[in-house]
Amino acid sequence: MKSVSLHTLGCKLNYSETSTIANNFSLQGFEVRDYGQKSDIFVLNTCSVTNNADKECRQIIRSVLARHPETYIIVTGCYAQLQPEEIASINGVDLVLGSNEKFRIGEYIDNYEKNALSCIHVSPVNEINETFSAFSSEIDSRTRAFLKIQDGCDYKCSFCTIPLARGRSRSLPFDSVLDNAKKLTDSGYKEIILTGVNTGDYRYENNFLIDVLYEIEKLPVERIRVSSIEPNLLNDEIISFAKHSTKFCNHFHIPLQSGSDEILKLMRRRYNSGFYRDLIYRLNEEIDSVGIGVDVIVGFPGESVDHFSTTVEFLKELPVSYLHVFSYSERRNTDAAGFKNRVEISERRKRSETLRNLSLKKKADFYARHVGTYQSVLFETQKNDDFIEGYTSNYIRVRTAAEALPENEIRDTFLRESRAADAVIGEVLRNN
């Protein structure tokens, strides 16, 4: 029996796609092994959002080949779509597949014997038009599943390579989404997380994201979550659904990128800071104990000290629970790569550190506000013999004694003690 191992870089969408690729290998009779184990084939599903992602990709390939030089190396994903020749130039890479080709690996090879030269199969971006089903668990136990419903993006943000790597926005057929959701609930998953490149842009014939939410709510799943949604797509219907649904998690992840209207305009974002502020306050007013995560980019070309200070003050005032902070990275073939007034790398790092510290404070404050309350927690990860962890609906990490319960259980839990931004110590109610 041939064996295969896989590794993923980047977003949750990539993870769901890697899981599907692994399943395809399994159906063909391959033994799927853990990343790091010796295998006949190694598949790396790449990201290309930052230079660090590209660098990590190259390091992983070289590391696998150093340990197992006979392994057949396949590289796919966004980096492969954008820079196939660059990947093919790495000694030992056998096959490079683009976004249209990643789910049809078997069509491009007759055997898995190593080649003297890499083979490249990458369609032009204007020919990326297929939408493949994909879903995966976040961890090995059947607890939370990421369900892909959409791919590609029609937005033209000046810093982003995703439209170049994944093509135009397109959505999985409505019936296929529901069929995949049923498979996940039948398999025992307690939470389904809807994901895509621009998940809020889901539209298939006369169905939109809100229709997906209403239909999945009818299934015997206990929780529904959306991985990330653009602020301009978080409309009244979705907010109303979140407010009244007993299954939708009171948690949103909403990209901001900058608190400065001047920088937002340079980025070509589809909102301004006032719109974003009003949205965040509305969510806090309408949805009890809502948790909100925010994406922010620092060091964008033209971001002055004053622009950054505006972002810091904007975020300090916002009732959000954590930040995902990214240092701007010049990406080839994006408009922003040619913008003037670049911010020095050292300054980008300083600004990132400032916002990461702010994120720690916001998360610690959010956790502390919920100490002394009772929350439903989906326990999913047993870290060691001593404790098990899980998340509340509003995305608070909770830790409790391992003997209290098995994984994949939702239990009412008293949040007893906050450990800063790490976790809250909880006590599971014994009458559950």
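We now turn to the structure provided with this report.

Calculation notes
- Residues numbered from 1 in each chain as written.
- Predicted model: local features only at pLDDT ≥ 70, side-chain atom pairs only at ≥ 80, totals over all residues.
- Heavy atoms only, no water.
- Pairing = 2+ DSSP bridges.
- Helix = DSSP H or I, 4+ residues; strand = E, 2+ residues; numbered from the N terminus.
- Axes fitted to C-alpha atoms, helices over the stretch in contact; angles between N-to-C directions.
- Parallel < 35°, antiparallel > 145°, perpendicular 65-115°, else oblique.
- Contact = heavy atoms within 4.5 Å.
- Nonpolar A, V, L, I, M, F, W, Y, C, P; charged D, E, K, R; others polar.
- Salt bridge = Lys/Arg side-chain N within 4 Å of Asp/Glu carboxyl O.
- Buried < 20%, exposed > 50% of the residue type's maximum accessible area, 1.4 Å probe, protein only.
- Expected span 1.5 Å × (residues − 1).
- Phe/Tyr/Trp six-rings, centres within 6.5 Å; stacked < 30°, edge-to-face > 60°.

**As for the sheet that holds strand E15 (residues 251-253)**
- Across the sheet, three strands lie side by side as E15-E16-E17; this open sheet has parallel pairing. Unpaired on one side and paired on the other, E15 and strand E17 (322-327) mark the two borders of the sheet. If you compare each strand with its neighbour and ignore which way they point, the axes differ by 15° on average.
- Across three bridges, E15 lies against strand E16 (residues 291-298) in parallel orientation. The residue of E16 that forms the bridge with His253 is Gly293.

**Here we look at the packing of helix H11 (residues 305-317) against helix H12 (residues 345-369)**
- Put simply, H11 and H12 touch, their axes get as near as 11 Å, and they point 5° apart. The angle between H11 and H12 places the two elements in the roughly parallel class. Contacts from Val305, Phe308, Val312, Leu315 and Lys316 in H11 reach Arg351, Thr354, Leu355, Leu358 and Lys362 in H12.
- Broken down by class, the residue content of the contact of H11 with H12 amounts to six nonpolar, one polar and three charged.

**A short note on the pattern of salt bridges**
- Within the structure shown, the criterion is met by 39 salt bridges.
- Between Glu215 and Lys218 there is a salt bridge, with its nearest N and O atoms 2.9 Å apart.
- What makes Glu215 partly exposed here is its relative accessible area of 27%.
- With a relative accessible area of 62%, Lys218 lands in the exposed category.
- Residues Arg419 and Glu417 are paired through a salt bridge, measuring 3.3 Å at the closest nitrogen-oxygen approach.
- Arg419 sits in the partly exposed class, given a relative accessible area of 41%.
- Judged by its relative accessible area of 31%, Glu417 is partly exposed.

**Here's the deal with helix H1 (residues 12-27)**
- Compared with an ideal rise of 1.5 Å per residue, which puts 16 residues at 22 Å, H1 spans 23 Å between its outermost C-alpha atoms and is within 8% of the ideal.
- Where H1 is concerned, the buried positions are Leu13, Asn14, Ser16, Glu17, Thr18, Thr20, Ile21, Ala22 and Phe25.
- Backbone geometry just downstream of H1 places Gly29 in the positive-phi region, at approximately 95°.

**Quick notes on the packing of aromatic side chains**
- Under the definition given, this model contains 16 aromatic pairs.
- When the ring of Phe25 is compared with that of Phe30, the centres are 5.0 Å apart and the planes differ by 85°; the resulting orientation is edge-to-face. For the pair Phe25 and Phe30, one class covers both residues: buried.
- Residues Phe159 and Phe300 carry aromatic rings whose centres are separated by 6.3 Å and whose planes lie at 85° to one another, so their mutual orientation is edge-to-face.

**Describing the sheet that holds strand E3 (residues 41-46)**
- Read from one edge to the other, the open sheet built from six strands follows the order E2-E1-E3-E4-E5-E6, with strand pairing classed as parallel. In this open sheet, the two edge strands, each paired with only one partner strand, are strand E2 (31-33) and strand E6 (119-121). Neighbour-to-neighbour, the strand axes of the sheet open up by a mean angle of 20°, direction not taken into account.
- Relative to strand E5 (residues 93-97), strand E4 (residues 72-77) runs parallel, the two being bridged by three bridges. Looking at the pairing, Ile73 lines up with Val93 of E5.

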